[in-house]
Amino acid sequence: MLLLQLQEAEGFTNHEKEVAHYILENLNQIPDMSAQELARASFTSKATVVRLSQKLGLSGYQEFKLKLVEEMSQNTRINRILAEEPITKDTSYGDIIQILPGLYDKAITNTRLTLNKNEMRKINQALQTAECIDIYGTGISYILAQSAAFKFATLGLESHAYESINAHYLAARKHKKTVSFLISFTGANRTVSRMARYLREASNSHVVGILGPHNAITSQHFHQVVEIPNRDSVLSLDVIASFAAANYVFDIFFSLLLSRCQEEHIKSSIEMLRHMPILLNQFSDKEE
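All of these numbers come straight from a predicted model, not from anything done at the bench.

Peer 1: Could you clarify how one ought to interpret the side chain of Thr-48 in this entry?
Peer 2: For Thr-48, the location among the structural elements is in helix α4 (residues 46-55). Aside from chain neighbours lying at most four places away, what touches Thr-48 is His-15, Glu-16 and Val-19.

Peer 1: Would you mind showing me how to read the sheet that holds strand β3 (residues 178-184) here?
Peer 2: Spatially, the five strands line up as an open sheet ordered β2-β1-β3-β4-β5, and their pairing is parallel. A single partner strand is all that each edge strand has here, and the edge strands are β2 (158-162) and β5 (224-227). Ignoring strand direction, the axes of neighbouring strands in this sheet form an average angle of 20°. Bridge count for strand β1 (residues 132-136) against β2 is five bridges, and the pairing is parallel. Across the sheet, Ile-135 pairs through a bridge with Ala-161, a residue of β2. On top of the sheet, helix α8 (residues 140-153) reaches β1, β2 and β3; it is set at about 175° to β2, its chief contact.

Peer 1: Could you clarify how one ought to interpret the pattern of salt bridges in this entry?
Peer 2: Any two side chains of opposite charge can pair if their charged atoms end up close together. Applying the stated criterion across every chain, the model contains eight salt bridges. Measuring nitrogen to oxygen at the nearest pair gives 2.5 Å for the salt bridge that ties Arg-173 to Asp-134. Here Arg-173 is found in the loop between α9 (167-172) and β3, whereas its partner Asp-134 is found in strand β1, with 39 residues between them in sequence. By the burial criterion, Arg-173 is buried, and Asp-134 matches it. Between Arg-197 and Glu-201 there is a salt bridge whose closest N-O contact spans 3.2 Å. Of this pair, Arg-197 and Glu-201 both sit in helix α10 (residues 190-202), four residues apart, which is roughly one turn of the helix. Where salt bridges share partners, they join Asp-134, Glu-158, Arg-173 and Lys-176 into one cluster.

Thresholds applied
Residues numbered from 1 in each chain as written. Predicted model: local features only at pLDDT ≥ 70, side-chain atom pairs only at ≥ 80, totals over all residues. Heavy atoms only, no water. Helix = DSSP H or I, 4+ residues; strand = E, 2+ residues; numbered from the N terminus. Contact = heavy atoms within 4.5 Å. Pairing = 2+ DSSP bridges. Axes fitted to C-alpha atoms, helices over the stretch in contact; angles between N-to-C directions. Salt bridge = Lys/Arg side-chain N within 4 Å of Asp/Glu carboxyl O. Buried < 20%, exposed > 50% of the residue type's maximum accessible area, 1.4 Å probe, protein only.

Written out as structure tokens, the structure is:
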């Protein structure tokens, strides 16, 4: 990074250090200054300014200015993000138990407001006739995939979570009507994009993306996309918000399927309750 290199001044001559010091003290003025103007202001020479730029691994002063502006812009963005972070080193337990419900609520509300009713209807139609529901994720999104698959399975549906493509499995089960969900909190996960393309082109799946906002390239491989918000954050709170948003989307589809098979679900629930003592390890003295 240019600013760090200028601060460390490793291998700089005394004149180059003077140029570096002037740049660091007058960052906002540098983009509008020529090499000659910078040399004059730092009491050095144009040749020194050019040599310093090259010592930093750049072709010359013009490229130095472009890189400097880019880095300054990035630093401004990072500082803005840090200033907006709700959790800092001074955040207390009391603060956190107030902050998190608000974060969940914001994630779900933002997702609800961006839902496309027509696209959601198409996904629901595919689910109503599906024989299998496959859910793909990587990293923490795989944990979410497992959770969603478990929920769908409670309705008696064949549902599984995967971290990668099993080509033989898909080929052997190609005759079954399958809805495949793929999760990417950013929307730009290349692994998810490749899996979606394979599922779209090589299987009989109806492919649905639960994707963050950076999905311009990835989205072309899906039949439908449900976009979830992704906080512009450098900390881990974006994972919390994205997880809550994606979980909300899956709960919508779970609830729609539940409403279709409510009577069957009630019967299976009653059957489950009949054997609940075994699950809870509750036995009478006689049975023991």
